[in-house]
Amino acid sequence: MIEEPVGEDTGTVDQLMKNALSAFGAYKKISPVKRAGFLESIAAEIEKIKDRLVILAKEETHLPEARLYGEIARTSGQLRLFAALLKEGSWVEAVIDTSDPQRTPPKPDIRKMLVPVGPVIVFGASNFPFAFSTAGGDTASALAAGCSVVIKGHSAHAQTSSLVYAAIRAAIDLTGMPAYTVQHVLGSGATTGKELVQHPFSSAVGFTGSFTGGRALMGYSNQREIPIPVFAEMSSINPVVLFPDSLEKNGASLASALIASITLGVGQFCTNPGILLGIKGDALTAFTNVMAREIQKTIPQKMLHSGIHSSYTKGIAEMLGQKGLSVIGQSGESAGSLEGLPVVAKVSGNDFLKNDHFAEEVFGPFSLLVECQDKAQLIAVLRHLKGQLTTTLMATEKDIREFGDVIELQQGLAGRIILNNVPTGVEVCAAMVHGGPYPATSDARFTSVGTSAVKRWVRPVSFQNFSDSMLPEALKNDNPSGIMRIVNNIHTRAALH
Ligand code: NAP
């Protein structure tokens with residue numbers, strides 16, 4: 001039973017990292033099934049205190065109760081998903097190439113699998129106090145991989161972060177994990193965060209937040225004697241292409257659905273549809289008129305913290321000041337203290353292409369419609385965009401037949417391409433890619449959501465000419481855990497004879 005938040009671990013960064021390294025040495029040897037039990041125990045401990053967590057998080061983040069309860073369920077579900085991955089076991093990608101002494105030259109026995117990299121530094125995100133924070137996806141996937149974790153909690157929900165950490169500590173005690181498998185610090189990113197990233201015992205970094213923050217962490221890593229991977233999810237405006245036939249047939253419902261998505265959670269989602277692209281014409285005008293009506297009905301709500309609120313207010317003012325931009329509509333109510341005013345605006349394709357500022361992220365309930373002259377300009381605008389987390393096509397069968405080249409361009413742009421759904425809402429599952437080309441993330445080959453997120457915290461190792469008794473369980477001849485392996489180029493769960 002957790003009485004009070006245990007707050008943060010004290011001591012120097014050097015001491016924390018020594019603890020993290022020694023915990024890693026012990027934790028990586030713990031069986032996958034026991035590690036799974038640890039993850040399940042964290043989920044259970046969080047659920048036991050969910051009412052207290054929601055009270056704290058509501059106070060600190062201004063997010064509504066229903067959203068916070070939902071996010072706790074997502075967080076415990078995510079921990080259990082990684083536990084299931086560990087129990088099944090095949091994620092280690094075991095590959096066996098048996099020897100052939102008769103070959104000239106003789107072929108050695110070589111076996112490969114993924115092993116954990118070492119202590120991981122996790123930066124909690126402000127916009128998901130549970131699912132992308134202390135016991136969120138980065139921590140859950142790093143623990144699943146067999147890494148120890150040091151969390152830099154986000155100052156905007158320090159109390160919530162500390163109470164979640166208390167649940168993790170309870171799980172460490174209950175399941176007999178090494179004491180320092182997970183540690184938690186608060187404090188400034190530019191000082192404590194930098195020291196953590198640059199400590200020689202740190203092996204990798206997980207981050208969700210601003211472009212500036214992500215770039216700073218990448219810079220800290222590059223200044224190290226031995227740079228380490230920084231998996232940063234940073235900035236995305238998630239282009240939605242409104243194809244002509246779809247606009248003609250479904251314009252009004254698309255406008256309502258998009259306004260709901262733009263303003264969901266006060267627009268504080270990395271998958272917020274921040275830019276809408278369409279080709280000029282009556283259908284686009286009718287769509288714009290419905291957007292104007294729908295945005296008028298929305299109500300400004302409190303944003304996560306004063307920093308996000310002031311950068312939204314500044315971002316909107318800067319955007320609205322750009323030449324060629326006109327406001328389509330905004331909330332009919334004025335915004336109070338800390339509240340983000342929902343706004344939608346438009347710009348012509350010509351003006352968009354002349355000014356890079358139009359492609360900048362404004363984090364909050366804002367979206368920009370780009371009215372393109374024709375298909376060629378739509379293609380030019382898409383080519384002008386940087387890497388994205390998502391891109392959406394609102395398209396009928398006819399559009400799909402006629403705009404194959406545009407859709408192909410969209411595929412090259414983002415980690416997730418969506419047909420006739422809004423981009424907000426990221427399912428936690430094995431097939432999810434929550435990643436994308438720079439600057440959406442620092443490394444487009446990985447995802448921070450879903451079971452593949454574990455791949456950020458491992459590296460492949462080949463064992464050449466090892467005797468069976470010396471090999472890790474996943475590579476032993478009799479395949480004791482029955483995992484799927486590639487043996488001499490064939491996928492199989494069978495033992496080797
Ligand atoms: P943030 O400023 O990037 O901060 C996130 C974390 O990184 C915090 O722990 C922060 O430490 C640390 N950090 C920031 N700059 C750093 C630096 N130069 N060196 C070391 N550590 C640093 O993000 P935020 O506070 O959540 O929100 C600010 C803006 O980020 C928003 O307005 C929005 O534009 C963007 N954002 C994007 C996403 C997304 O999903 N892509 C999510 C949330 C926010 P401190 O505690 O010292 O600040």
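Structure's up top.
From a predicted model like this one, the values you see are computed outputs, not experimental measurements.

Participant: Please give an account of the site of the ligand that cites residues and values.
Facilitator: Taken together, 24 residues form the shell around the ligand, and within it Ser-126, Gly-189, Ser-210, Tyr-220 and Met-234 come nearest. Take Lys-152: an N or O atom from its side chain is 2.9 Å from an oxygen atom of the ligand. Glu-233 is positioned with one of its side-chain polar atoms (N or O) 3.3 Å from an oxygen atom of the ligand. Put simply, the ligand lies in the largest pocket. Of all the secondary structure elements, the ones that give two or more residues to the shell around the ligand are helix H7 (189–198), strand E6 (204–208), helix H8 (211–223) and helix H11 (306–320). For the shell around the ligand, the per-class residue count stands at 10 nonpolar, 12 polar and 2 charged.

Participant: With reference to specific residues and values, describe unusual backbone geometry.
Facilitator: Cis geometry is found at the peptide bond from Thr-104 to Pro-105, where omega equals -5 degrees. Going from Tyr-438 to Pro-439, the amide bond is cis rather than trans, its omega being 5 degrees. Of note, Pro-439 is situated in the loop between strand E16 (414–419) and strand E17 (458–464). Phi at Val-266 takes a positive value of approximately 50 degrees, unusual for a residue other than glycine. Mapping Val-266 onto the fold places it in the loop between helix H9 (244–263) and strand E9 (275–279). Given a relative accessible area of 7%, Val-266 falls into the buried group. Of note in the backbone geometry, Asn-479 takes a positive phi value of approximately 45 degrees without being a glycine. Here Asn-479 falls in the buried class, since its relative accessible area comes to 4%.

What counts and how
- Residues numbered from 1 in each chain as written.
- Predicted model: local features only at pLDDT ≥ 70, side-chain atom pairs only at ≥ 80, totals over all residues.
- Heavy atoms only, no water.
- Near = heavy atom within 4 Å.
- Polar contact = N/O pair within 3.5 Å; in protein donor to acceptor, adjacent residues only side chain to side chain.
- 1 Å grid on protein atoms, 1.4 Å probe; cavity = no way out; pocket = protein on both sides within 12 Å on 5 of 7 lines; lining within 4 Å.
- Sits in = over half its atoms within 2 Å of the grid points.
- Helix = DSSP H or I, 4+ residues; strand = E, 2+ residues; numbered from the N terminus.
- Nonpolar A, V, L, I, M, F, W, Y, C, P; charged D, E, K, R; others polar.
- Buried < 20%, exposed > 50% of the residue type's maximum accessible area, 1.4 Å probe, protein only.

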